[in-house]
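Single-letter residue listing:
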Amino acid sequence: MEVIIYPDKEQAAAAAADYVAGQVKRNPYIVLGLATGETPLGLYKNLIEKNRKGEISFAKASSFNLDEYCGISADNENSYAYYMRKNFFEHIDIKLENTHIPDGSSENPIIACEQYERAIKGAGGVELQILGIGADGHIGFNEPTSSLSSRTRMKTLTEKTIGDNARFFGGDASAVPWHVLTMGIGTIMESEKIVMLAFGESKADAVAGMIEGPITAMLPASVLQTHQTVKVFLDEAAASKLKLAGYYKWVLSRKPIAEW
Ligand code: F6R
């Protein structure tokens, strides 16, 4: 894991965007894995700006989102399909038909999940996966004790995550769906490269466990320690519980090859 710590989330998001943009330039046909939630908003804003200025194009790219709530339609403003359109897709030149989000309103979620797995494989697999982390260490919606080799499937959210996500539902936890469709941890781990973003004090324990703790299904993100190429972009607050923060900064300041 490469741990990259910036003083604030704005600088971290800008650096992550530079890295992602470099990957898009290198392969215009890139298959992106995308996340929702609060964390990637700054990254998306920066990428939109680069697209607007003509520095990068998503015209040939395709994307697969990590997850979606069950039982709400793509038009519902709390759906991740709506989030992606409003916060990213409508502002860039990606073709909507090349974007994919698990079908949370499918009448047959088992088949929908199998089809999603097949679609990812059919596209040649995800090249670059964007991730956020839950305060309980989840990635996608793979909550603690999820199988570390799980595939896309339906999951039940923990009360903690329902409470954390109530802020997107006007603070009303009872409005947050209990069930979601999510890429599995095995699915996520098959992506070639991963960019993990985490900002704020509330993520500090999960981040410390992910980077410096034991690999355990109790903290699903810790499995990323076994992935070949993970870049973790943090602000100081999210990095505040890392024992080796000084070392990560030392390495970054002496990086032999500039990638962004
Ligand atoms: C979202 C996702 C989740 C979030 C995580 C953090 O697609 O898969 O794992 O990344 O819940 O959410 P925020 O960024 O809202 O703190």
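Before any of the text, the structure's been laid out above.
Residues numbered from 1 in each chain as written. Predicted model: local features only at pLDDT ≥ 70, side-chain atom pairs only at ≥ 80, totals over all residues. Heavy atoms only, no water.

A separate point is the nonpolar core. Counting 36 residues, the largest nonpolar core has Met210, Ile211, Leu224, Leu234 and Leu242 as the members making the most contacts within it. Counting residues per element, this core draws most heavily on helix H7 (residues 204-212), which supplies five residues. When sequence neighbours within four positions are dropped, the list of residues in contact with Leu234 reads Val3, Ile4, Ile5, Tyr6, Ala12, Ala198, Phe199, Val207, Ile211, Ala239 and Leu242. Judged by nonpolar contacts, the second largest core, of 32 residues, contains Val20, Tyr44, Phe89 and Val195. (Core = buried A, V, L, I, M, F, W, Y, C linked by side-chain atoms within 4.5 Å. Buried < 20%, exposed > 50% of the residue type's maximum accessible area, 1.4 Å probe, protein only. Helix = DSSP H or I, 4+ residues; strand = E, 2+ residues; numbered from the N terminus. Contact = heavy atoms within 4.5 Å.)

To continue, consider the site of the ligand. Neighbouring the ligand are 15 residues; Thr39, Asp67, His138, Gly140 and Lys203 lie closest to it. With respect to the ligand, the side chain of His138 contributes an N or O atom lying 2.7 Å from an oxygen atom. One nitrogen or oxygen atom from the side chain of Arg167 is found 2.8 Å from an oxygen atom belonging to the ligand. Relative to its free-state accessible area of 410 Å², the ligand is covered by the protein chains to the extent of 95%. Class assignment of the residues belonging to the shell around the ligand gives a composition of four nonpolar, seven polar and four charged. (Near = heavy atom within 4 Å. Polar contact = N/O pair within 3.5 Å; in protein donor to acceptor, adjacent residues only side chain to side chain. Areas by Shrake-Rupley, 256 points an atom, 1.4 Å probe, with all protein chains shown as cover. Nonpolar A, V, L, I, M, F, W, Y, C, P; charged D, E, K, R; others polar.)

Take helix H3 (residues 80-87) next. Within the sequence span of H3, burial applies to Tyr80, Ala81, Tyr83, Met84 and Arg85. Those residues of H3 hidden inside the fold are in contact with strand S2 (31-34), helix H2 (41-52), strand S3 (62-65), strand S4 (67-69) and helix H5 (159-165).

Spatial ordering of the open sheet is given by S1-S10-S9-S6-S2-S3-S5, a layout of seven strands whose pairing is parallel. Whereas interior strands pair on both sides, the edge strands pair on one side only; in this sheet they are strand S1 (2-6) and strand S5 (99-100). Across the sheet, H7 touches S1, strand S9 (193-198) and strand S10 (230-235), and the angle it forms with S10 is around 150°. (Pairing = 2+ DSSP bridges. Axes fitted to C-alpha atoms, helices over the stretch in contact; angles between N-to-C directions.)

As a further point, take the packing of aromatic side chains. Using the criterion set out here, one finds ten aromatic pairs in the structure. When the centroid spacing of 4.4 Å and the interplanar angle of 20° are considered together, the rings of Tyr44 and Phe88 count as stacked. Here Phe88 lies in the loop between H3 and S5 and Tyr44 lies in helix H2, a separation of 44 residues in the sequence. In this structure, Tyr44 and Phe88 share a single accessibility class: buried. Consider the rings of Tyr69 and Phe141, whose centres lie 5.9 Å apart with planes at 40°: the pair is tilted. Within this pair, whereas Tyr69 is found in strand S4, its partner Phe141 is found in the loop between strand S6 (128-131) and strand S7 (153-156), the two being separated by 72 residues in sequence. Overall, the relative accessible area of 3% leaves Phe141 in the buried class. (Phe/Tyr/Trp six-rings, centres within 6.5 Å; stacked < 30°, edge-to-face > 60°.)

Quick look at the pattern of salt bridges now. Tallied over the full model, the rule gives 13 salt bridges. With its nearest N and O atoms 3.0 Å apart, the salt bridge here joins Arg167 to Glu38. With Arg167 in the loop between H5 and strand S8 (179-182) and Glu38 in the loop between S2 and H2, this pair connects stretches of sequence that are 129 residues apart. We classify Arg167 as partly exposed; its relative accessible area is 46%. The exposure class of Glu38 is partly exposed, given its relative accessible area of 41%. Measuring nitrogen to oxygen at the nearest pair gives 3.2 Å for the salt bridge that ties Asp205 to Lys241. Here the residue Asp205 occupies a position in helix H7, and Lys241 occupies one in the loop between S10 and helix H8 (245-253), the gap between them amounting to 36 residues. Residues joined in a network through salt bridges with shared partners are Glu2, Lys231 and Lys255. (Salt bridge = Lys/Arg side-chain N within 4 Å of Asp/Glu carboxyl O.)

Right, let's get into the side chain of Thr182. Position of Thr182 relative to the elements: it lies in strand S8. Residue classification places Thr182 among the buried residues on the basis of a relative accessible area of 0%. Only 2.9 Å separates the side chain of Thr182 from the backbone nitrogen of Phe141, close enough to count as a polar contact. With residues near it in sequence (within four places) discarded, Thr182 still touches Leu66, Asp67, Gly140, Phe141, Asn142, Arg151, Thr152, Arg153 and Lys155.

Purely spatial values, then, with no claim about function.
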